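Results of the structural survey
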Amino acid sequence: VLIQNALTGSIPSSLGKLTALESLGLYKNALSGTIPSWLGLLTELRYLGLHINALNGTIPDDLGLLTKLTDLAVYSNDLTGTIPSSLGQLMNLNVIDVSENVLLSGTIPLEISNLSNVDRAWFYNTNLTGTMPLCALNKTLDILVADCMKVDCPCCTGCCPSAFNGIPAFDYCYGET
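Residues numbered from 1 in each chain as written. Predicted model: local features only at pLDDT ≥ 70, side-chain atom pairs only at ≥ 80, totals over all residues. Heavy atoms only, no water.

1. Examining the state of the cysteines
Rule in force here: Two cysteine sulfurs form what is called a disulfide whenever their separation falls within 2.5 Å. Numbering of helices and strands runs from the N terminus, with a helix taken as a DSSP run of H or I at least four residues long and a strand as a DSSP run of E at least two residues long. The buried label goes to any residue with under 20% of its type's maximum accessible area, the exposed label to any with over 50%, and the partly exposed label to all in between, with areas taken from a 1.4 Å probe on protein chains only.
Under the definition given, this model contains three disulfides. The disulfide partner of C148 is C159, and the S-S distance across this bridge is 1.9 Å. As the torsion about the S-S bond is roughly -75 degrees, the C148-C159 disulfide counts as left-handed. Note that C148 is positioned in the loop between β12 (143-146) and β13 (151-152) and C159 in strand β14 (residues 158-159), a separation of 11 residues in sequence. Judged by relative accessible area, which is 26%, C148 ranks as partly exposed. A sulfur-sulfur separation of 1.9 Å characterises the disulfide bridge that pairs C153 with C156. Judged by the sign of its S-S torsion, about 90 degrees, the cystine formed by C153 and C156 is right-handed. For the pair C153 and C156, a shared accessibility class is recorded, and that class is buried.

The structure is reproduced here in C-alpha coordinates:
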(Lines give C-alpha, C1' and ligand atoms only; values in the text may rest on other atoms or scores of the structure.)
Protein backbone atom coordinates (compact mmCIF):
# COMPACT_ATOMS: atom_id res chain seq x y z
CA VAL A 1 0.00 0.00 0.00
CA LEU A 2 1.54 3.27 -1.19
CA ILE A 3 -0.93 5.89 -0.02
CA GLN A 4 -0.43 9.63 0.09
CA ASN A 5 3.13 9.51 -1.23
CA ALA A 6 2.80 12.15 -3.96
CA LEU A 7 3.44 9.47 -6.58
CA THR A 8 3.19 10.83 -10.12
CA GLY A 9 3.09 9.34 -13.59
CA SER A 10 1.24 6.21 -14.63
CA ILE A 11 0.74 3.01 -12.68
CA PRO A 12 4.02 1.10 -13.16
CA SER A 13 3.72 -1.92 -15.46
CA SER A 14 6.21 -3.78 -13.25
CA LEU A 15 3.35 -4.29 -10.76
CA GLY A 16 1.84 -6.68 -13.31
CA LYS A 17 4.51 -9.22 -12.38
CA LEU A 18 3.25 -9.43 -8.80
CA THR A 19 0.71 -12.15 -9.57
CA ALA A 20 0.35 -13.22 -5.92
CA LEU A 21 -0.50 -9.67 -4.79
CA GLU A 22 -3.68 -9.54 -2.68
CA SER A 23 -3.91 -5.82 -1.99
CA LEU A 24 -3.03 -2.86 -4.18
CA GLY A 25 -3.57 0.55 -2.63
CA LEU A 26 -2.25 3.49 -4.63
CA TYR A 27 -4.77 6.06 -3.45
CA LYS A 28 -4.28 9.71 -2.49
CA ASN A 29 -1.42 10.27 -4.92
CA ALA A 30 -1.12 12.19 -8.19
CA LEU A 31 -1.13 9.22 -10.53
CA SER A 32 -2.24 9.94 -14.09
CA GLY A 33 -2.86 7.95 -17.24
CA THR A 34 -5.30 5.10 -17.55
CA ILE A 35 -6.15 2.17 -15.33
CA PRO A 36 -4.11 -0.57 -17.04
CA SER A 37 -5.97 -3.61 -18.34
CA TRP A 38 -3.14 -5.85 -17.12
CA LEU A 39 -4.51 -5.38 -13.58
CA GLY A 40 -6.95 -8.12 -14.59
CA LEU A 41 -4.00 -10.55 -14.51
CA LEU A 42 -3.55 -10.01 -10.76
CA THR A 43 -6.16 -12.65 -10.01
CA GLU A 44 -5.30 -12.92 -6.30
CA LEU A 45 -6.30 -9.27 -5.66
CA ARG A 46 -8.87 -8.80 -2.94
CA TYR A 47 -8.49 -5.03 -2.60
CA LEU A 48 -7.95 -2.48 -5.37
CA GLY A 49 -7.79 1.14 -4.23
CA LEU A 50 -6.97 3.66 -6.96
CA HIS A 51 -9.10 6.49 -5.62
CA ILE A 52 -8.18 10.17 -5.27
CA ASN A 53 -5.75 10.37 -8.16
CA ALA A 54 -5.89 11.90 -11.64
CA LEU A 55 -6.54 8.68 -13.56
CA ASN A 56 -8.44 9.05 -16.83
CA GLY A 57 -9.85 6.83 -19.54
CA THR A 58 -12.25 3.98 -18.98
CA ILE A 59 -12.62 1.30 -16.34
CA PRO A 60 -11.01 -1.71 -18.04
CA ASP A 61 -13.24 -4.65 -18.87
CA ASP A 62 -10.43 -6.92 -17.60
CA LEU A 63 -11.16 -5.94 -13.99
CA GLY A 64 -14.02 -8.45 -14.28
CA LEU A 65 -11.36 -11.19 -14.13
CA LEU A 66 -10.56 -10.31 -10.50
CA THR A 67 -13.00 -12.85 -9.06
CA LYS A 68 -11.51 -12.70 -5.54
CA LEU A 69 -11.91 -8.92 -5.33
CA THR A 70 -13.88 -7.72 -2.30
CA ASP A 71 -13.21 -3.96 -2.50
CA LEU A 72 -13.05 -1.79 -5.64
CA ALA A 73 -12.48 1.94 -5.11
CA VAL A 74 -11.83 4.14 -8.14
CA TYR A 75 -13.63 7.27 -6.93
CA SER A 76 -12.36 10.84 -7.32
CA ASN A 77 -10.57 10.42 -10.63
CA ASP A 78 -11.29 11.63 -14.16
CA LEU A 79 -12.69 8.35 -15.50
CA THR A 80 -14.84 8.38 -18.64
CA GLY A 81 -17.03 5.96 -20.55
CA THR A 82 -19.33 3.38 -19.03
CA ILE A 83 -19.09 0.85 -16.24
CA PRO A 84 -18.12 -2.45 -17.89
CA SER A 85 -20.71 -5.22 -17.57
CA SER A 86 -17.85 -7.60 -16.67
CA LEU A 87 -17.86 -6.12 -13.14
CA GLY A 88 -21.03 -8.18 -12.64
CA GLN A 89 -18.73 -11.24 -12.42
CA LEU A 90 -17.15 -10.03 -9.16
CA MET A 91 -19.29 -12.21 -6.91
CA ASN A 92 -17.11 -11.60 -3.82
CA LEU A 93 -17.36 -7.81 -4.08
CA ASN A 94 -18.49 -6.14 -0.84
CA VAL A 95 -17.60 -2.53 -1.67
CA ILE A 96 -17.78 -0.64 -4.96
CA ASP A 97 -17.15 3.09 -5.28
CA VAL A 98 -17.10 4.79 -8.67
CA SER A 99 -18.38 8.14 -7.37
CA GLU A 100 -16.98 11.56 -8.18
CA ASN A 101 -16.08 10.64 -11.75
CA VAL A 102 -18.32 13.21 -13.42
CA LEU A 103 -17.55 11.91 -16.93
CA LEU A 104 -18.66 8.31 -16.26
CA SER A 105 -21.82 7.94 -18.32
CA GLY A 106 -24.40 5.55 -19.70
CA THR A 107 -26.62 3.20 -17.78
CA ILE A 108 -25.37 1.13 -14.89
CA PRO A 109 -25.10 -2.38 -16.40
CA LEU A 110 -27.83 -4.84 -15.49
CA GLU A 111 -25.10 -7.40 -14.67
CA ILE A 112 -24.33 -5.38 -11.53
CA SER A 113 -27.48 -6.99 -10.06
CA ASN A 114 -25.40 -10.21 -9.78
CA LEU A 115 -23.35 -8.60 -6.99
CA SER A 116 -25.46 -10.00 -4.16
CA ASN A 117 -22.71 -9.55 -1.52
CA VAL A 118 -22.26 -5.80 -1.94
CA ASP A 119 -23.02 -4.00 1.30
CA ARG A 120 -21.62 -0.54 0.44
CA ALA A 121 -21.84 1.16 -2.96
CA TRP A 122 -21.38 4.73 -4.16
CA PHE A 123 -22.40 5.92 -7.64
CA TYR A 124 -22.90 9.67 -7.05
CA ASN A 125 -21.44 12.68 -8.88
CA THR A 126 -21.32 10.82 -12.18
CA ASN A 127 -23.39 11.03 -15.36
CA LEU A 128 -24.75 7.50 -14.92
CA THR A 129 -28.45 7.02 -15.64
CA GLY A 130 -31.16 4.37 -15.62
CA THR A 131 -32.38 2.03 -12.92
CA MET A 132 -30.05 0.94 -10.11
CA PRO A 133 -29.56 -2.82 -10.67
CA LEU A 134 -28.32 -3.42 -7.11
CA CYS A 135 -31.88 -2.93 -5.87
CA ALA A 136 -33.11 -6.09 -7.60
CA LEU A 137 -31.88 -9.01 -5.47
CA ASN A 138 -29.36 -7.59 -3.03
CA LYS A 139 -30.31 -8.15 0.61
CA THR A 140 -27.00 -7.05 2.16
CA LEU A 141 -26.93 -3.34 1.25
CA ASP A 142 -26.15 -1.02 4.15
CA ILE A 143 -25.11 2.01 2.09
CA LEU A 144 -26.09 2.77 -1.49
CA VAL A 145 -25.73 6.35 -2.69
CA ALA A 146 -26.53 7.64 -6.18
CA ASP A 147 -27.62 10.78 -8.02
CA CYS A 148 -31.33 10.09 -7.67
CA MET A 149 -32.24 12.78 -10.20
CA LYS A 150 -30.57 10.65 -12.88
CA VAL A 151 -30.67 7.11 -11.46
CA ASP A 152 -33.93 5.45 -10.41
CA CYS A 153 -32.84 4.06 -7.07
CA PRO A 154 -35.73 2.84 -4.86
CA CYS A 155 -33.34 1.15 -2.43
CA CYS A 156 -30.81 3.99 -2.09
CA THR A 157 -29.92 4.94 1.46
CA GLY A 158 -28.81 8.38 0.28
CA CYS A 159 -29.42 10.59 -2.73
CA CYS A 160 -27.00 13.23 -3.91
CA PRO A 161 -27.54 16.21 -6.12
CA SER A 162 -25.80 15.87 -9.44
CA ALA A 163 -22.50 17.65 -9.86
CA PHE A 164 -23.00 21.20 -11.06
CA ASN A 165 -20.50 22.27 -13.71
CA GLY A 166 -18.13 19.54 -12.56
CA ILE A 167 -18.18 20.67 -8.93
CA PRO A 168 -19.23 17.75 -6.72
CA ALA A 169 -21.82 18.28 -4.00
CA PHE A 170 -20.47 16.72 -0.82
CA ASP A 171 -23.02 17.98 1.71
CA TYR A 172 -24.94 14.72 2.23
CA CYS A 173 -23.43 12.17 -0.07
CA TYR A 174 -22.11 9.65 2.40
CA GLY A 175 -25.06 7.41 3.23
CA GLU A 176 -27.14 9.67 5.41
CA THR A 177 -30.71 10.26 4.32
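Back to the write-up after that little detour.
2. Notes on the sheet that holds strand β8 (residues 95-97)
Formally: Two strands are counted as paired when DSSP detects at least two bridges linking them.
Read from one edge of the open sheet, seven strands run β2-β4-β6-β8-β10-β12-β14, paired in parallel fashion. The open sheet terminates on both sides in strands that have one partner only, identified here as β2 (23-25) and β14. In the sheet, β8 pairs with strand β10 (residues 120-122) via three bridges, with the strands oriented parallel. Residue pairing for β10: V95 is matched across the bridge by R120.

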